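Report on the structure
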Amino acid sequence: MHRRLIAPGALAAASVLLAIPASAASLSPGAPGIGDPYYPAYGNGGYDVSHYDLRLKYQPASDELEGTATLLARTTQDLSRFDLDFLLDVSEVRVNGVKASFTTSGEHELEITPKAPLAKGTALTVVVRYSGVPSSKQAYGFTSWHRTPDGGVGANEPEAAWWWFPSNDHPLDKATYDVSVLVPDGTQAISNGTLQSTSSRVGWTRFNWRSDKPQATYLATLAVGKFDITTGRTESGIPVVNAYSKDLGANDGAARASIERTGEVADWLSGYFGPYPFNALGGYVPNTTTGYALETQTRPFYSPRQFANGSNTSVVVHELAHQWYGDLVSVAGWKDIWINEGFARYAQWLWSEHEDEGTAQEIADYVYASHPADDPFWTVKPGDPGPENQFDIAVYDRGALALQALRNEIGDDAFFAVLKGWPQKYAYGNATVADFRTYAEEVSGRSLSALFDTWLFQPSKPAVPAAAPAAVRSTSVAPVQPKSWKKIAATNDVHEH
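These remarks concern the structure in this document. (Residues numbered from 1 in each chain as written. Predicted model: local features only at pLDDT ≥ 70, side-chain atom pairs only at ≥ 80, totals over all residues. Heavy atoms only, no water.)

**Comments concerning the overall build of the protein**
So the rule is basically this: Helix and strand labels come from DSSP, where a helix needs a run of H or I of at least four residues and a strand needs a run of E of at least two; each type is numbered from the N terminus. Exposure classes here rest on a 1.4 Å probe applied to the protein chains alone. A residue is buried below 20% of its type maximum, exposed above 50%, and partly exposed in between. Contact definition: two residues touch when any of their heavy atoms are within 4.5 Å. Accessible surface is estimated by sampling points in the Shrake-Rupley manner with a 1.4 Å probe; for residues, cover comes only from the protein chains shown.
Helix and strand content of the protein: 10 helices and 22 strands. Burial status across the protein gives 60% buried among its 497 residues. Once local pairs closer than 6 in sequence are excluded, the contacts in the protein between residues at least 24 apart make up 73%. Accessible surface computed for the protein: about 17700 Å², of which carbon and sulfur atoms make up 51%.

Right under this line is the structure:
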């Protein structure tokens, strides 16, 4: 996961076909943002995207990107105007085949006015032609485009799409994707899902990638560069594609020793979370200077620094756990980030247990004891941390403590039934922290309001640790800090604010 500090502002809404009366048109622009209180300018109201078709051409030497994005959508209200979130330079917009007027506003808004207003329920085809140098664009003082010695990468959270394709940029509007990228021969383009085909002519090669399951916009990724690509399959038959920049240097061996275990880890996680939910798997390591990792759907992004101290299978566990908790089931709003990060961290604790490097209970004891009552760590509320603390370490570690407390409260049978059942209940959709509490109560048959309030919403250290009942808790092993549980990620080392 990664993080970004807040971003203000907003805009709006939807898409195209049937005309509505002119009197209504002036009253029906799309909403200013999708309604997320953490990021009021993110996403747009008035339409829902079902598919993105991105046809791109990228020149690594100059970081120049040309593209045609075709969005298939449907209006959810009468619309006279709608917005897309985007930063590059737009030359033309068409709505259902007809040229539309457009302008830019705010930090990242592309305002589109169709030639005729649109009725609610209208099917839309929106075509945007654009170009630009992604690394030259900033919003709110930062960039989510990573320039590399041999190309560039789009990967960040909670926003990354603005730098390479126009979108309704919020997890509430998931869609499927076709990403077709033309790059100079000898260069590869990596994206989500399965590689459908490649073709070459006159010095250029085109890579065609497809994500056939709903995917949030921040989970879409693009990496162009020179990679060594490995392939394989999980025991359950899922194809695995991993990619390593050819100039990783000293970090190359540790990166491979970690990421080549992707199939093994995914199969192991399936035992806790249910069948792997997508038809592709893998990871990639471009030669970037940033420090985080990100759960880009089916193909997580890892910075080389994740492996600077040696192999780090734990971070692979973390990002793959997100394929269920974060990707299959996404946040309904960014305040629900605990549903992503607390669970991915807890998966690392389970992996530590699996590797005989410390049990989840031992790690919970260690984390609890490591932070005295006056530590600011306890003032962050994982259940609603605020945008300034969305990726604070407490969301990860205190978030995982909450899960250990839940496990001890309802017992292993109910706890692991919750872990496995939850992703199936909300598969390919969105959910909230409140939804999770309700589900845990349904499965366990117990009221959990006090436990959730204590561990997720009180800005203070709980009076007692997330301890198992004395009769079953082991006290023969001192708390340890296994190397596998601590993730080298999600720190404020990327964006200067």
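Now that the structure has been shown, we can carry on.
**Observations regarding the sheet that holds strand E10 (residues 151–154)**
What counts here: Only when DSSP finds a minimum of two bridges between them are two strands counted as paired. Angles run from 0 to 180 degrees between N-to-C directions of axes, and those axes are lines fitted to C-alpha atoms, restricted for helices to the stretch in contact.
Across the sheet, which stays open at both edges, the four strands sit in the order E9-E10-E15-E12 with antiparallel pairing between neighbours. Edge positions in the sheet fall to strand E9 (145–148) and strand E12 (188–191), since each has one partner strand and no second. Taken over all neighbouring pairs, the strand axes of this sheet differ in orientation by 15 degrees on average, direction set aside. Pairing geometry for E10 and strand E15 (residues 222–225), over three bridges, is antiparallel. Across the sheet, residue Gly 154 finds its bridge partner in E15, namely Leu 222.

**Examining the pairing of E12**
Across the two faces of E12 the burial is the same, with Gln 188 and Ile 190 and Ala 189 and Ser 191 all buried. As paired strands, E12 and E15 are joined by four bridges and run antiparallel to one another. Paired with Gln 188 across the two strands is Gly 225, which belongs to E15.

**Topic: empty space enclosed by the protein**
In this approach the atoms are scanned with a rolling probe the size of a water molecule, which exposes any empty space left behind. Stated precisely, the cut-off is as follows: The way it works is a 1 Å grid over only the protein atoms, where trapped points that fit a 1.4 Å probe form a cavity and open points with protein on both sides within 12 Å along at least five of seven lines form a pocket, and then any residue with an atom within 4 Å of a point lines it. Grid points are joined across faces, edges and corners, and a volume is the space filled by probe spheres set on the points. Note on residue categories: nonpolar means Ala, Val, Leu, Ile, Met, Phe, Trp, Tyr, Cys or Pro, charged means Asp, Glu, Lys or Arg, and polar means any other residue, Gly included.
Enumeration over the complete set of coordinates arrives at three cavities of 30 Å³ or more. Around the largest cavity sit Gly 193, Arg 210, Ser 211, Asp 212, Lys 213, Gln 215, Phe 278, Asn 279, Gln 297 and Thr 298, which together line it. For the lining of the largest cavity, a count of residues per class yields one nonpolar, six polar and three charged. Here the second largest cavity defines a volume of roughly 40 Å³. Tallied by class, residues from the lining of the second largest cavity come to four nonpolar, four polar and two charged.

**A few points about the environment of Phe 452**
Within the fold, Phe 452 resides in helix H10 (residues 449–457). A sequence separation of 49 residues divides Phe 452 from Leu 403, and the C-alpha atoms of the two residues are 9.4 Å apart. Contacts of Phe 452, omitting those with residues within four sequence positions, involve Trp 338, Leu 406, Phe 436, Arg 437 and Phe 457.

**Focus on the sheet that holds strand E13 (residues 194–201)**
Taking strand neighbours across the sheet as the criterion, the eight strands line up as E5-E4-E8-E2-E1-E11-E14-E13 in an open arrangement whose pairing is mixed. Edge strands, defined here as strands with exactly one partner in the open sheet, are strand E5 (98–99) and E13. Pairing analysis gives seven bridges linking E13 to strand E14 (residues 204–215), with the strands arranged antiparallel. Note on E14: the bridge partner recorded for Ser 197 is Asn 208.

**What to know about the packing of aromatic side chains**
Using the following cut-off: Ring pairs are drawn from Phe, Tyr and Trp, using the six-membered ring of Trp, whenever the two centres fall within 6.5 Å, and their geometry is named by plane angle: stacked under 30 degrees, edge-to-face over 60, tilted for the rest.
For the coordinates displayed, the defined rule picks out 39 aromatic pairs. A ring pair is formed by Tyr 39 and Tyr 42, whose centres lie 4.7 Å apart and whose planes are at 25 degrees; its orientation type is stacked. What makes Tyr 39 buried here is its relative accessible area of 0%. Relative to Trp 351, the ring of Trp 268 lies with its centre 5.0 Å away and its plane at 80 degrees, an arrangement referred to as edge-to-face. You can see Trp 268 sitting in helix H3 (residues 262–273) and its partner Trp 351 sitting in helix H5 (residues 338–354), a full 83 residues away along the chain.

**Observations regarding the pairing of strand E1 (residues 47–59)**
Summarising the sheet, E1 and strand E2 (residues 64–75) pair through 12 bridges and their orientation is antiparallel. Residue pairing for E2: His 51 is matched across the bridge by Leu 72. Linking E1 back to E2 in an antiparallel pair, the connection comprises four residues, with Asp 63 at a positive phi of about 65 degrees. In the sheet, E1 pairs with strand E11 (residues 175–184) via seven bridges, with the strands oriented parallel. Residue pairing for E11: Asp 53 is matched across the bridge by Asp 178.

**Topic: the packing of H5 against helix H6 (residues 360–370)**
How two helices sit against one another is set out by the angle between their axes and by the gap between those axes. To be explicit about the condition: Every angle not falling under 35 degrees, over 145, or within 65 to 115 is termed oblique; those three ranges are roughly parallel, roughly antiparallel and roughly perpendicular.
At a minimum axis separation of 8 Å, H5 and H6 run at an interaxial angle of 125 degrees. For the element pair H5 / H6, the angle class is oblique. When H5 is examined against H6, the residues Tyr 346, Trp 349, Ser 352 and Glu 353 are found in contact with a partner set consisting of Ala 360, Ile 363, Ala 364 and Val 367. Tallied by class, residues from the contact of H5 with H6 come to six nonpolar, one polar and one charged.

**Overview of the environment of Val 153**
Position of Val 153 relative to the elements: it lies in strand E10. Residue classification places Val 153 among the buried positions, given a relative accessible area of 1%. Along the chain, Val 153 and Ala 223 lie 70 residues apart, while their C-alpha atoms are 4.3 Å from each other. Once you skip the residues sitting within four places of it in the chain, Val 153 turns out to touch Ser 144, Trp 145, His 146, Thr 148, Leu 222, Ala 223, Tyr 284, Pro 286, Thr 288 and Phe 301.

**So, the pattern of salt bridges**
Defined as follows: Salt bridges are defined by distance alone: a side-chain nitrogen of Lys or Arg within 4 Å of a carboxyl oxygen of Asp or Glu.
Counting across every chain of the model gives 14 salt bridges. Close ionic contact of Asp 228 with Arg 256 constitutes a salt bridge, the shortest N to O distance being 2.8 Å. Linking Asp 228 in strand E16 (residues 227–233) with Arg 256 in helix H2 (residues 252–259), this pair joins segments that are 28 residues apart in sequence. For Arg 256, a relative accessible area of 22% corresponds to the partly exposed category.

**As for unusual backbone geometry**
In the segment running from Glu 157 into Pro 158, the intervening peptide bond is cis, with an omega of 10 degrees. You will see that Asp 63, though not glycine, has its phi angle at about 65 degrees, which is positive. Residue placement: Asp 63 occurs in the loop between E1 and E2. Judged by relative accessible area, Asp 63 falls into the buried class, the value being 0%.

All quantities given are derived from atomic positions and should not be read as evidence of function.
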